[in-house]
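# A look at the structure
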Amino acid sequence: MGKTDHIFDPRSIATHNGFMTKPIFILGSSRSFGNTRNVLMDVAGKADIPMIDLLTKRISFFDYNHHNQRDDFIPLVESLLAYDTIVLATPVYWYSMSAIMKIFIDRISDLITIRKDLGRQLNGKNLFVIASYGTSVPRGFEEAFAQTCVYMKMPYLGTSFFHSKPDTPDLCAANQQALEKARKLLFPVSVSDYPA
Ligand SMILES: Cc1cc2nc3c(=O)[nH]c(=O)nc-3n(C[C@H](O)[C@H](O)[C@H](O)COP(=O)(O)O)c2cc1C
């Protein structure tokens, strides 16, 4: 391959606020203004990334009889279709994702049963996870997300873990690395990095 094969003008594929990817945050914490939201603010920086707070939505447990099909889940998924990277943000609660995030994930079952049409439209969308933890990164935390992505044919971009009180140099460095990883994946090339 010649050297020029990799050269492209990022402005030709910029889709959102001058960034190449078009991410949306889904916050799944038991509090709207806690540590997990603060992490999202840090990751976004000056970028205006839309955020859906699951705590403000009426989304109930998966129901085999689909009596809940008119709650907020389907409209929420429809609103995701305009984005190409879905960022799930959850605190670590008892070594796992939050219950509110798990309810959201369980409802993906609606998308492979009564709304397959909608489920198919998630194929190819990237998934990235942001997790806020207070003690340690739990073993196997990423598995549920990674395997869900395989099932849904969604590229899994990985997880950035952020300690909620980074009071040692090691924790500060780990948080900084997590921040850089998230930003690199979500904003791979900023148009402003290129001369006009
Ligand atoms: C119910 C509950 C369970 C928790 N379990 C863990 C855990 O297993 N491992 C851990 O490192 N931190 C745990 N924490 C600490 C949270 O992960 C941490 O404080 C996080 O930043 C909270 O984010 P939030 O403010 O969005 O809820 C737990 C906190 C709560 C409230």
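These numbers were taken from a predicted model, which means no experiment stands behind them. Counting from 1, residues in each chain are numbered in the order their sequence is written. Totals for whole chains, interfaces and linings use all residues, but because this is a predicted model, local features are given only for residues with pLDDT of at least 70 and pairs of side-chain atoms are given and counted only at 80 or more.

## Side note on the overall build of the protein
- The secondary structure content of the protein amounts to 6 helices and 5 strands.
- Secondary structure of the protein in N-to-C order comes out as β-α-β-α-β-α-α-β-α-β-α.
- Note on burial: count the other C-beta atoms lying within 10 Å of the residue's C-beta; 20 or more is buried, 12 or fewer is exposed, in between is partly exposed, and C-beta positions come from the backbone. For the protein, the residues scored as buried account for 24% of the 196 residues in total.
- Contact criterion: two residues are in contact if their C-beta atoms, reconstructed from the backbone, are within 7 Å. Restricting the contact set of the protein to residue pairs at least 6 apart, pairs at least 24 apart contribute 75%. A helix here means a DSSP run of H or I that spans at least four residues, while a strand means a run of E at least two residues long, and both kinds are numbered starting from the N terminus.

## Regarding the sheet that holds strand 4 (residues 126–133)
- Two strands pair if DSSP finds at least two bridges between them. The 5 strands lie next to each other as 2-1-3-4-5, forming an open sheet whose pairing is parallel. Lying at the two open borders of the sheet, with one neighbouring strand each, are strand 2 (51–53) and strand 5 (156–163). Recorded for the sheet is a direction-independent mean angle of 20° between the axes of neighbouring strands.
- Inspection of the sheet shows strand 1 (residues 23–27) paired to strand 3 (residues 85–91) by 5 bridges, in the parallel sense. Residue pairing across strands places leucine 27 opposite alanine 89, the latter belonging to strand 3.
- Of the strands in this sheet, strand 1, strand 3, strand 4 and strand 5 are in contact with helix 6 (residues 169–186), which crosses strand 5 at around 150°. With axes taken as lines fitted to C-alpha atoms, and helix axes fitted only over the stretch in contact, angles between N-to-C directions fall between 0 and 180 degrees.

## Some points on the environment of isoleucine 130
- Counting through the fold element by element, isoleucine 130 comes out in strand 4.
- C-beta crowding within 10 Å serves as the criterion here: with 25 such atoms nearby, isoleucine 130 is assigned to the buried category.
- As a C-alpha pair, isoleucine 130 and threonine 159 span 29 residues in sequence and 5.6 Å in three-dimensional space.
- Residues in contact with isoleucine 130, not counting those within four places in the same chain, are Val39, Leu40, Val43, Val87, Ala89, Ser160 and Ala182.

## A few points about the pairing of strand 3
- Burial of strand 3 is extensive: 7 of the 7 residues sit out of reach of the surface.
- Residues Thr85, Val87, Ala89 and Pro91 of strand 3 are buried on one face, and the alternating residues Ile86, Leu88 and Thr90, pointing to the opposite face, are buried as well.
- Two strands pair when backbone bridges link them, and strand 3 and strand 4 are joined in this way by 7 bridges, in the parallel orientation. Across the sheet, the residue bridging to threonine 90 is alanine 131, located in strand 4.

## Some remarks on the nonpolar core
- Counting 29 residues, the largest nonpolar core has Phe25, Ile26, Leu40, Val87, Leu88, Ala89 and Ile130 as its most contacted members.
- Counting only elements with at least two residues in this core, the list comes to strand 1, helix 1 (35–44), strand 3, helix 3 (99–106), strand 4, strand 5 and helix 6.
- With 5 residues, strand 4 is the single largest residue contributor to this core.
- Every residue in contact with valine 87, bar those within four places of it in the chain, is listed here: Pro23, Ile24, Phe25, Ile26, Phe128, Ile130 and Leu186. Note on terminology: a nonpolar core is a set of buried residues of type Ala, Val, Leu, Ile, Met, Phe, Trp, Tyr or Cys, with members joined through C-beta atoms within 7 Å.

## Quick look at the site of the ligand
- Neighbouring the ligand are 18 residues, the closest being Gly34, Asn35, Thr36, Pro91 and Gly134.
- Going through the elements one at a time, helix 1 and strand 4 are the ones with two or more residues in the shell around the ligand.
- Residue composition of the shell around the ligand, grouped by class: 7 nonpolar, 10 polar and 1 charged. As a rule, any residue with its backbone-derived C-beta atom within 6 Å of a molecule or strand is reported as near that molecule or strand. Gly is placed with the polar residues, together with every amino acid not listed as nonpolar (Ala, Val, Leu, Ile, Met, Phe, Trp, Tyr, Cys and Pro) or charged (Asp, Glu, Lys and Arg).

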